[in-house]
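Structural overview for review
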Amino acid sequence: MKALDYTVLTIILIGAINWGLIGFFDFDLVSSVFGQMSMLTRIIYGLVGIGGLYAISYYGRMRTEV
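Residues numbered from 1 in each chain as written. Predicted model: local features only at pLDDT ≥ 70, side-chain atom pairs only at ≥ 80, totals over all residues. Heavy atoms only, no water.

**Considering the overall build of the protein chain**
Defined as follows: Only DSSP runs of H or I with at least four residues qualify as helices, and only runs of E with at least two residues qualify as strands; both kinds are numbered from the N terminus onward. In this setup the radius of gyration rests on C-alpha atoms only. A globule is expected at 2.2 Å times the number of residues raised to 0.38. Contacts: residue pairs with any heavy atoms within 4.5 Å of one another. Areas reported as accessible are Shrake-Rupley estimates using a 1.4 Å probe. Residue values count occlusion only from the protein chains shown. When charges are tallied, Lys and Arg are placed among the positive residues and Asp and Glu among the negative ones, while His and the ends of the chain are skipped. Every charge is mapped to an atom, namely NZ of Lys, CZ of Arg, CG of Asp or CD of Glu.
Along the protein chain, the regular secondary structure elements total three helices and zero strands. Here the C-alpha atoms of the protein chain give a radius of gyration of 14 Å, more than 25% beyond the 11 Å that 2.2 N^0.38 yields for 66 residues. Of the contacts formed within the protein chain by residues at least 6 apart in sequence, a portion of 46% connects residues at least 24 apart. Just so you have it, the protein chain exposes about 5200 Å², and 74% of that area is on carbon and sulfur atoms. When the 4 basic and 4 acidic side-chain charges of the protein chain are each reduced to a single mean position, those positions are 11 Å apart.

See the structure below:
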């Protein structure tokens, strides 16, 4: 489970950095590297979204650790 958590956290960080670049500099790194809404770009965006949904479970696990 720990490896999955680190993988998801890495994916979420990639998404957060990309959104920061979009917000501050109007630069979409993922689209620049993989193409404007190419299949790979869509997969990356999908993985970031799924990672965010999975990260919701962190709240439940934090509550049980306290």
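Picking up where we left off.
**Brief notes about the packing of aromatic side chains**
For clarity, the threshold we go by: Pairing of aromatic rings covers Phe, Tyr and the six-membered ring of Trp, with a centre-to-centre limit of 6.5 Å; geometry is then stacked below 30 degrees between planes, edge-to-face above 60, and tilted otherwise.
For the structure on display, the rule yields two aromatic pairs. Residues tyrosine 54 and tyrosine 58 carry aromatic rings whose centres are separated by 6.1 Å and whose planes lie at 80° to one another, so their mutual orientation is edge-to-face. Placement of the pair is tyrosine 54 and tyrosine 58 together in helix H3 (residues 39-65), with a separation of four residues, close to one helical turn.

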